[in-house]
Amino acid sequence: MTPSEKDDHLTALCREVLEAFDAVNGGVQAGYRPAHAKGIMLSGTFTPAPGAKNLSCAPHLGRASTPVSVRFSDFAGIPTIPDNNSNASPRGFAVRFHLEGEAYTDIVGHSTDGFPAATAQELAAFLRAIAASGLNAAKPTPIESYLATHPAALEFVQAPKPFPSSFAKESFFGVNAYKFINATGAARFGRYRIRPEGGGDYLSSEAAATKSPNYLIDEIKERVAKGPVKMHIFVQLAEPGDIVDDSTKHWPANRSEVEFGTIALTAVQPNNEAAQRELITDPIPKVDGIEVSGDPLTEPRSAVYLMAGRRRAAK
Ligand code: HEM
């Protein structure tokens, strides 16, 4: 493929994915993300862990602290989704590290350790099957047939997704692997994991049902007003032979982790709706010392976020 054919192919794929999300959402939700539409943005600082420089020479690991913006979100592409609706899971966690000048880099994770598709084409097919499986769909519904032949999607759908008591009591997973390179050129593949200070805390389904539709958004505002909200970032390290270019493949649970650093959130950002609309996250790292791993999801993921962000800005 020539570079221009590759661009055309990527653009067509992004449109296909966006249309599939729109179909699930019952149409375009103008001005909002087609996934993770409802959220809240906070600001704070990132402090690297003392040993993190051994993993990567990325600039935010080499300075004492870096300002960050964090967006917590519910999964659905519906901006009014109740926080206690099952389609609000997995939750999202997107962090932007504000580096020197206009430079930045992001980590975007969600609260399920895994993904339903190994490629963007597969993700679009999965979403189309969901969209075609409304109340009146004949049995087996398209999504039932899809799940019967796609074990990774079935595993993702069946993964427990309990309701957290707070966005600050949930764990998040970057899912895509990245290549971390330190100042000596030594490289390791790894996956981000984000854990709350003090561990997770979840509600029973009965308790969640009694919560208000904005319980997570309201709670995080109250929590951050009382003091810093801390989240710890780790990197799970791959060993030689682990698959680093397929997000549906888990690595053995005993793989070691290194501490990357800690985020302390101190305030809700002003003009929150506008700040959320403007933020276009990028899962492709924009710094030395962290690179993509060859996972075929990462490039279309980045391109879709940009296309969706431009559409959101144009409304
Ligand atoms: C690999 C694992 C993935 C995770 C953990 C993930 C998680 C997230 C999160 C947390 C957001 C909200 C970001 C924000 O707050 O700004 C988001 C947005 C979105 N995701 Fe993903 N995602 C993944 C892969 C993908 C892929 C492969 C696609 C499609 C190719 C996709 C499509 C979307 C779209 C269309 C949005 C809305 C983008 C925007 O307008 O900002 N995601 N995702």
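Here goes a summary of the coordinates provided.

Conventions used here
Residues numbered from 1 in each chain as written. Predicted model: local features only at pLDDT ≥ 70, side-chain atom pairs only at ≥ 80, totals over all residues. Heavy atoms only, no water. Donors = N, O, S within 2.8 Å, 3.2 Å for Na, K, Ca; no water. Helix = DSSP H or I, 4+ residues; strand = E, 2+ residues; numbered from the N terminus. Near = heavy atom within 4 Å. Polar contact = N/O pair within 3.5 Å; in protein donor to acceptor, adjacent residues only side chain to side chain. Nonpolar A, V, L, I, M, F, W, Y, C, P; charged D, E, K, R; others polar. Axes fitted to C-alpha atoms, helices over the stretch in contact; angles between N-to-C directions. Parallel < 35°, antiparallel > 145°, perpendicular 65-115°, else oblique. Contact = heavy atoms within 4.5 Å. Expected span 1.5 Å × (residues − 1). Buried < 20%, exposed > 50% of the residue type's maximum accessible area, 1.4 Å probe, protein only. 1 Å grid on protein atoms, 1.4 Å probe; cavity = no way out; pocket = protein on both sides within 12 Å on 5 of 7 lines; lining within 4 Å. Points joined across faces, edges and corners; volume = space filled by probe spheres on them.

Right, let's talk about the coordination of the iron atom of the ligand for a bit. Protein coordination of the iron atom of the ligand is limited to a single donor, Tyr305 (OH), which sits 2.1 Å from the metal. Within the secondary structure, Tyr305 sits in helix H8 (residues 298-314).

In this section: the site of the ligand. Arg33, Arg71, Arg301, Tyr305 and Arg312 are the nearest of the 26 residues found near the ligand. Between an oxygen atom of the ligand and a side-chain N or O atom of Arg71, the distance comes to 2.7 Å. Between the ligand and Tyr305 there is a distance of 2.7 Å, counted from a nitrogen atom to a side-chain nitrogen or oxygen. Mapped onto the shell around the ligand, the elements with two or more residues apiece are helix H1 (3-24), strand E3 (92-98), strand E4 (104-110), helix H2 (120-131) and H8. Sort the elements by how many residues they give to the shell around the ligand and H8 lands first, with five residues. Among the residues forming the shell around the ligand, the class breakdown is 16 nonpolar, six polar and four charged.

Let us look at the packing of helix H3 (residues 142-149) against helix H4 (residues 151-158). Packed helices, taken two at a time, are described by the angle between their axes plus the distance between the axes. Packing of H3 against H4 leaves a shortest axis separation of 5 Å and a crossing angle of 110°. As the angle between them shows, H3 and H4 are arranged roughly perpendicular. In this structure, H3 contributes Tyr146, Leu147 and Thr149 to the contact, and H4 contributes Pro151, Ala153, Leu154 and Val157.

So, on to H1. Here H1 contains 22 residues, and its C-alpha end-to-end distance of 32 Å stays within 8% of the 32 Å for a straight helix at 1.5 Å per residue. Within the sequence span of H1, burial applies to Leu10, Leu13, Cys14, Val17, Leu18, Ala20, Phe21 and Asp22. Buried residues in H1 make contact with H2 and H8. At the C-terminal side of H1, Gly26 shows a positive phi close to 70°.

By volume, the second largest pocket amounts to about 280 Å³. Lining the second largest pocket are 18 residues, and of these Lys6, Leu10, Pro296, Glu299 and Pro300 sit closest to its centre. Sorting the residues of the lining of the second largest pocket by element identifies H1, H2 and H8 as the ones contributing at least two each. At six residues, H1 tops the list of elements feeding residues into the lining of the second largest pocket. Among the residues making up the lining of the second largest pocket, the classes are represented as nine nonpolar, five polar and four charged.

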